[in-house]
Amino acid sequence: MPDPNRDYLTLALNQYWFAPPVALWRAIELRVLAAETFIRPLLDLGCGDGLIAQVLFAGEAPVEAGFDPWLSQVRKAPASGAYRFVQQARGDAMPYPDASFNTVFSNSVLEHIPNLDPVLREVTRVLRPGGRFLATVPSDMFRRLLAGYRERDAKGDRTGAETYAAAVDRRLEHHRYLTPTQWAKRLDLAGMHLLHTRYYIPSEVEALWDRANATYGIHPNDTLFHGKPYYRWLASPRLRQLGYQKLVRRWIVRTLGQRWRRAYTLDVLEGGVGGGLLVVGEKT
Ligand SMILES: C[S@@+](CC[C@H](N)C(=O)[O-])C[C@H]1O[C@@H](n2cnc3c(N)ncnc32)[C@H](O)[C@@H]1O
């Protein structure tokens, strides 16, 4: 089982030092997922390069299967050592027999898929009866908790706030933000029932994350974000052979590992909302 007490912030900063806000978001997702139960056999839907499974299940037997449609990512995944099998596939056509898995999980994937229902039906098909589906997604509060949205909204500039959020949607390729009730309906349509949801990334952490995207040049070409692309240049893979990036990485891990510690550990208060949502369903 994943260890909820591991220092996922340091691990994520080491992996994503070139994009520190991604590391913060991933570290919190890992902490949230690590508190859940994963019964084998396990499938990673939209595994990307495998880094999440590698960190989450470190020291355990490899995850039984992972797949992703993005060829360059899926080619990297076997090197992570995190999977027994990795395949290139799409969520609406999974290359597995019915009832193959006890758990399907997907980290930051479903929001990128335009047509969700066929994917949820496939999850149900490959799960065994009573099997669980765990997904982390941006929540229905994600747009309104962005610092850029709140600053504009507080000045009465609702149009500016919406324009800002729409630019974030475009850049991150997010297709939807469902409420827990809407998730319950979508899972139900696919043959699962919602066991529970959990908000994470409280508003002050999402504001920090949003501002950090500008600081670290994650939105370099969009004047809306006042992006400063310097860090992005510094971390560019094209400059890797100059050798200084090891020092940048060490500096990022040390400084942000301390500065962002509180944000990493901050939970959403009971009954509150956050920018991220863990959705846990069960095959009925
Ligand atoms: C933000 S990345 C997350 C990757 C990985 N789960 C992680 O947490 O690092 C989103 C992933 O969703 C994958 N994806 C996009 N459309 C998909 C689809 N139709 N079926 C499965 N995966 C999809 C992308 O290829 C990409 O690897």
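All residue numbers refer to positions counted from 1 along the written sequence of the respective chain. The predicted origin of the model limits local features to residues at a pLDDT of at least 70 and limits the giving and counting of side-chain atom pairs to 80 or more, whereas totals for whole chains, interfaces and linings rest on all residues.

(A) How the structure looks around the overall build of the protein chain. Broken down by element type, the protein chain carries twelve helices and seven strands. Taken over C-alpha atoms, the radius of gyration is set against a globule rule of 2.2 Å times the number of residues to the power 0.38. Relative to the 2.2 N^0.38 estimate, which gives 19 Å for 284 residues, the radius of gyration of the protein chain is 19 Å and therefore close to what a compact globule would have. If you line up the protein chain on its principal axes, its C-alpha atoms span 50 × 50 × 35 Å. The burial tally for the protein chain puts 43% of its 284 residues in the buried class. By the criteria applied, helices consist of DSSP H or I runs no shorter than four residues and strands consist of E runs no shorter than two, each listed in order from the N terminus. Here the C-beta atoms are placed from the backbone, and a residue counts as buried if at least 20 other C-beta atoms lie within 10 Å of its own, exposed if 12 or fewer do, and partly exposed otherwise.

(B) Focus on the nonpolar core. Think of a nonpolar core as buried Ala, Val, Leu, Ile, Met, Phe, Trp, Tyr and Cys residues chained together by C-beta atoms that fall within 7 Å. Among the nonpolar cores identified, the biggest contains 73 residues, and Leu24, Ala27, Val104 and Val123 are the most heavily contacted of them. Among the elements that line this core, the one with the most residues is helix H2 (residues 20-34), at nine residues. Leave out the neighbours within four places in its chain, and Ala27 touches Tyr8, Leu9, Ala12 and Tyr264. Membership of the second largest hydrophobic core comes to nine residues, among which are Phe142, Leu145, Tyr149 and Ala161. Note on contacts: residues are paired as contacts if their backbone-placed C-beta atoms lie within 7 Å.

(C) Broad picture of the environment of Val137. Within the element layout of this structure, Val137 appears in strand S5 (residues 127-138). Sequence spacing of Val137 and Arg176 is 39 residues, and the spatial spacing of their C-alpha atoms is 9.4 Å. Setting aside residues up to four positions removed in sequence, Val137 forms contacts with Leu110, Glu111, Leu277 and Val279.

(D) Summary view of the sheet that holds strand S4 (residues 101-107). Two strands are said to pair when DSSP picks up at least two bridges between them. Ordered in space as S3-S2-S1-S4-S5-S7-S6, the seven strands form an open sheet in which the pairing is mixed. Bordering the open sheet on either side are strand S3 (83-88) and strand S6 (192-200), each of which pairs with just one other strand. Neighbour-to-neighbour, the strand axes of the sheet open up by a mean angle of 15°, direction not taken into account. Interaxial angle, 0 to 180 degrees, is taken between N-to-C directions of lines fitted to C-alpha atoms, where a helix line uses only the stretch in contact. Packed onto the sheet, helix H5 (residues 117-126) meets strand S1 (42-45), S4, S5, S6 and strand S7 (276-283) and runs at close to 145° relative to S5. Here helix H8 (residues 180-190) sits on the sheet in contact with S6 and S7, set at roughly 150° to S6.

The analysis is restricted to geometry; functional conclusions fall outside its scope.
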